[in-house]
Amino acid sequence: MSDKEIINKIKKIVEPYVQRLEGLKNFQEETDFLNDLQINSANLVDVVLDVEDEFDIEIDNDSMEGMLTVGDAKSIIERKLMTR
Amino acid sequence: MIGNDIIDLKIARAEGKSDDTRFIDKVFTEFERSLILNSQDPELHLWILWSMKEAAYKAHQRIYDLPRKLNPRSYECQYFHQENSGKVSIGSFEYSIDVQTTSEYIHSITSSGALIQMAFFNGQTSRSELLARFLSINSIEMDEIKLYKDFNGVPSIPLKNSPKKLPISLSHHGNFTAFAIPLINS
């Protein structure tokens, strides 16, 4: 799966939780889930669960800790896909 | 030291998280899970513990200049229903939390001193407008109504004619916005 495919999938996953829609316009690795998209932190846990479902991976607590940007999520997904 | 969190129960209750075992596993410890599932109102209990964790997280992050983390399970709660209070421990640190629960919202707060706090109910008013009102009620003067955020994103109020910054904790959920500032510098 290419970087772009992964990022597009992440975008689709986060969309229902985004409170600042403007942040979706420029959706890139630097996009911050909390600051740019204003996803609340309980919903960020939902994002983690949806990512697990979409990519059929398990995100452990240590990985979840650092999942704050699109780029963070992308690296975690890539790492988990590789060791699957 | 200060940290607060508000939950709009109308929105939170609609989430039905107390039936979501995967969510519970990611967020709560074994001990907390038994508190939630054995309570008379698991959904309410779940959100009380969540807001306590958030309040403790904000205080802990501020005191120790910590980078942001999504690690709710590392914060373990004890909740004393009759006293409307609780304790949250993270490693060897412990935070006492006051919890206010109404039919409409939950507000959790921890602080090291006396404090001013408010909860607003207003879906229409912008956050900066609420902040301006909050500051004016408390006779705090700023050059511009804009919060300062440090490199970890922790907010404070740059005071007018002073190099000092006043710590502030703010929380917004659904129709509720809550601000908290310490009266004594802490």
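- In the nomenclature of an unreviewed UniProt entry, chain A is known as Acyl carrier protein of Christiangramia echinicola.
- UniProt, in the comment section headed Function (unreviewed entry), describes chain A in these words: "Carrier of the growing fatty acid chain in fatty acid biosynthesis."

What about the overall build of chain B?
- Looking only at helices and strands, one finds five helices and eleven strands in chain B.
- In terms of overall dimensions, chain B is globule-like: its C-alpha atoms have a radius of gyration of 17 Å, near the 16 Å expected for 186 residues.
- Seen through its C-alpha atoms, chain B measures out along the principal axes to roughly 55 × 40 × 30 Å.
- Counting across all 186 residues of chain B, residues that qualify as buried make up 48%.
- Pairs at least 24 apart in sequence give 57% of the contacts found in chain B among residues at least 6 apart.
- Approximately 9300 Å² of chain B is accessible, and the part contributed by carbon and sulfur atoms is 48%.
- In chain B, the 20 positive side-chain charges and the 22 negative ones have mean positions that sit 5 Å from each other.

Let's talk about the packing of helix α1 (residues 3–14) of chain A against helix α3 (residues 41–55) of chain A
All names here are of chain A.
- In the contact formed by α1 and α3, the axes pass within 10 Å of each other and the chain directions differ by 130°. Relative to α3, α1 is oriented oblique. For the pair α1 and α3, the crossing hand works out as right-handed. Here I6, K9, I13 and V14 of α1 come into contact with α3, specifically with V47, D50, V51, E54 and F55.

Quick notes on the nonpolar core
- With 58 residues, the main nonpolar core has I10, V14, F33, V51 and M67 of chain A together with F28 and M52 of chain B as its most contacted residues.
- With eleven residues, helix α4 (residues 42–63) of chain B is the single largest residue contributor to this core.
- Not counting residues within four places of it along the chain, the set of residues in contact with M67 of chain A comprises F33, L44, V47, V48, V51, I59, D72, A73 and I76 of chain A.
- Of all hydrophobic cores here, the second largest spans 13 residues; its members include L130, I140, M142 and I168 of chain B.

Description of unusual backbone geometry
- One non-glycine residue, Q38 of chain A, adopts positive backbone phi at about 50°.
- For Q38 of chain A, a relative accessible area of 33% gives the class partly exposed.
- The backbone of N84 of chain B shows a phi angle near 50°, a positive value even though the residue is not glycine.
- Along the chain, N84 of chain B turns up in the loop between β2 (76–80) and β3 (85–90).
- According to the relative accessible area criterion, N84 of chain B is partly exposed, its value standing at 41%.

Regarding the sheet that holds strand β8 (residues 155–158) of chain B
All names here are of chain B.
- Taking strand neighbours across the sheet as the criterion, the three strands line up as β7-β8-β9 in an open arrangement whose pairing is antiparallel. Two strands bound the open sheet, and with one partner strand each, they are β7 (148–149) and β9 (165–167).
- The pairing of β8 with β9 spans three bridges and is classified as antiparallel. Residue pairing in the sheet places S156 in a bridge with P167 of β9.

As for helix α5 (residues 70–82) of chain A
Residues and elements named next belong to chain A.
- Helix length check: α5, at 13 residues, gives a terminal C-alpha distance of 18 Å against a target of 18 Å (1.5 Å per residue), a fit within 8%.
- Among all positions of α5, only V70, G71, A73, K74, I76, I77 and K80 are buried.
- Against α1, α3 and α4 (61–65) lie the buried residues of α5.

Focus on the environment of A73 of chain A
Residue and element names in this part refer to chain A.
- Summarising the element assignment, A73 is placed in helix α5.
- Residue A73 is classed as buried on the basis of its relative accessible area, which comes to 1%.
- When the C-alpha positions of A73 and S63 are compared, they lie 9.0 Å apart, and in sequence the two are ten residues distant.
- If near-sequence neighbours (up to four positions away) are discounted, A73 is found in contact with I10, F33 and M67.

Cut-off values and rules
Residues numbered from 1 in each chain as written. Chains lettered and ligands numbered in written order. Predicted model: local features only at pLDDT ≥ 70, side-chain atom pairs only at ≥ 80, totals over all residues. Heavy atoms only, no water. UniProt positions renumbered as here; feature names shortened; annotations may be inferred. Helix = DSSP H or I, 4+ residues; strand = E, 2+ residues; numbered from the N terminus. Rg over C-alpha atoms; globule rule 2.2 N^0.38 Å. Buried < 20%, exposed > 50% of the residue type's maximum accessible area, 1.4 Å probe, protein only. Contact = heavy atoms within 4.5 Å. Areas by Shrake-Rupley, 256 points an atom, 1.4 Å probe, with all protein chains shown as cover. Lys, Arg positive; Asp, Glu negative; His and termini not counted. Charge placed at Lys NZ, Arg CZ, Asp CG, Glu CD. Axes fitted to C-alpha atoms, helices over the stretch in contact; angles between N-to-C directions. Parallel < 35°, antiparallel > 145°, perpendicular 65-115°, else oblique. Left-handed = near helix turned anticlockwise from the far one by under 90°. Core = buried A, V, L, I, M, F, W, Y, C linked by side-chain atoms within 4.5 Å. Pairing = 2+ DSSP bridges. Expected span 1.5 Å × (residues − 1).

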